[in-house]
Amino acid sequence: MTFTTLDHLPDDVAAGLIAGSLAPYLGPGMLGLVADLPVPGDPLALATVLTTRNSVPGKIKHRLTQAAQFIENFKHRKTLVSGMDLAFAALPAPSALHRWVASLKAPLIVDAWYDDTMRGALSARADWAEVQGLSQSEHFGTWFGWYGADGQPLTEEPVDMATVYYKPWGGHLPASNYLVSDTDHVEVLTEIDIQTPIPPVVQARRARLGFVFLGCRFNDQLPRTFARQIMKRSGGPHYAVLPDEPTRMEARFLEEQGVTRIALPLAEVAAQLTRGVAVPA
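Residues numbered from 1 in each chain as written. Predicted model: local features only at pLDDT ≥ 70, side-chain atom pairs only at ≥ 80, totals over all residues. Heavy atoms only, no water.

A. Quick look at the pattern of salt bridges. Within this structure, the stated rule accounts for 12 salt bridges. Its salt-bridge partner being R77, residue E138 comes within 3.3 Å of it at the nearest N-O pair. Of this pair, E138 sits in the loop between strand 4 (128–133) and strand 5 (144–148) while R77 is found in helix 4 (residues 77–87), placing the two residues 61 residues apart along the sequence. Accessibility expressed as a relative area gives 9% for R77, which makes it buried. Between D111 and K167 there is a salt bridge whose closest N-O contact spans 3.1 Å. Of this pair, D111 sits in strand 3 (residues 108–111) while K167 sits in strand 7 (residues 163–167); the two residues are 56 residues apart in sequence, bridging distant segments of the chain. K167 shares its class with D111; the two are buried. One continuous salt-bridge network, built from bridges that share partners, spans E72, R77, E138 and D184. (Salt bridge = Lys/Arg side-chain N within 4 Å of Asp/Glu carboxyl O. Helix = DSSP H or I, 4+ residues; strand = E, 2+ residues; numbered from the N terminus. Buried < 20%, exposed > 50% of the residue type's maximum accessible area, 1.4 Å probe, protein only.)

Written out as structure tokens, the structure is:
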């Protein structure tokens, strides 16, 4: 398999993020930059939090979507949502990279985890709106919900907002929307190839954008599938900060999607972006 690997951060990445031609795509690894992290920072940590409060069979205890499905099936959806709310109740202090991303006024920010950190970083601005994936078990027939910067629901897509903040798996604030159980994801995956669950505004904006993956791993089918479908028909180019040697499936994903790997620790990339580049007013 062949894909480009760089041992440095290209100037084009910072320039593209600032110019709005590259969109940040954030994963749970972004929380590794947060001091005194008060919320689960990866699927295993979240599964541990959920199964500490709700017993599940040992063989699925460390498998997030399966453990969530068991809790939903045998202890009700409300129990699962309550567990997720408790897991993400605390608001982490945004890292310097979160704050830098918030200052960019990027046309699109994708955030594939449930925490409120990026929302907190955006809170000083009013020119953004959030769209979250919705569980079909709670919102049958409605695939996503829009919210203003104040957290209030929006009845129309805010096509003119400077920044669209997209959380495809939902999030804690403002409305406890979570795609976390097997059923949640299966419902979306049955439609995602024809793009139904992806908001039209996201589809329109990505056409002129490439993505920069920060804090993401692609060693599981779910993050690969969502990233692939969110990237579909996007303008490119794409980059992923991935310091660890990719697994076989990650390498295949990078090659198939034309993603350039930046083999640097996220903290080092964060330091370079936040120290060396000024964001225009």
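Next comes the rest of the write-up.
B. The arrangement of the packing of aromatic side chains in detail. For the structure shown, the criterion picks out 13 aromatic pairs. Considering the side-chain rings of Y25 and F211, the 6.0 Å spacing of their centres and the 80° angle between planes classify their relative orientation as edge-to-face. Within this pair, whereas Y25 is found in strand 2 (residues 22–26), its partner F211 is found in strand 10 (residues 210–214), the two being separated by 186 residues in sequence. Taken individually, Y25 and F211 each receive the classification buried, so the pair is uniform in this respect. Centroid distance W128 to Y165: 6.1 Å. Interplanar angle 75°. Geometry classified as edge-to-face. Here the residue W128 occupies a position in strand 4, and Y165 occupies one in strand 7, the gap between them amounting to 37 residues. Of the residues examined, Y165 reaches a relative accessible area of 0% and is grouped as buried. Three or more aromatic residues joined by ring pairs form one cluster here, namely F88, W113, Y114, W169, Y178 and F226. (Phe/Tyr/Trp six-rings, centres within 6.5 Å; stacked < 30°, edge-to-face > 60°.)

Read these as geometric descriptors, not functional statements.
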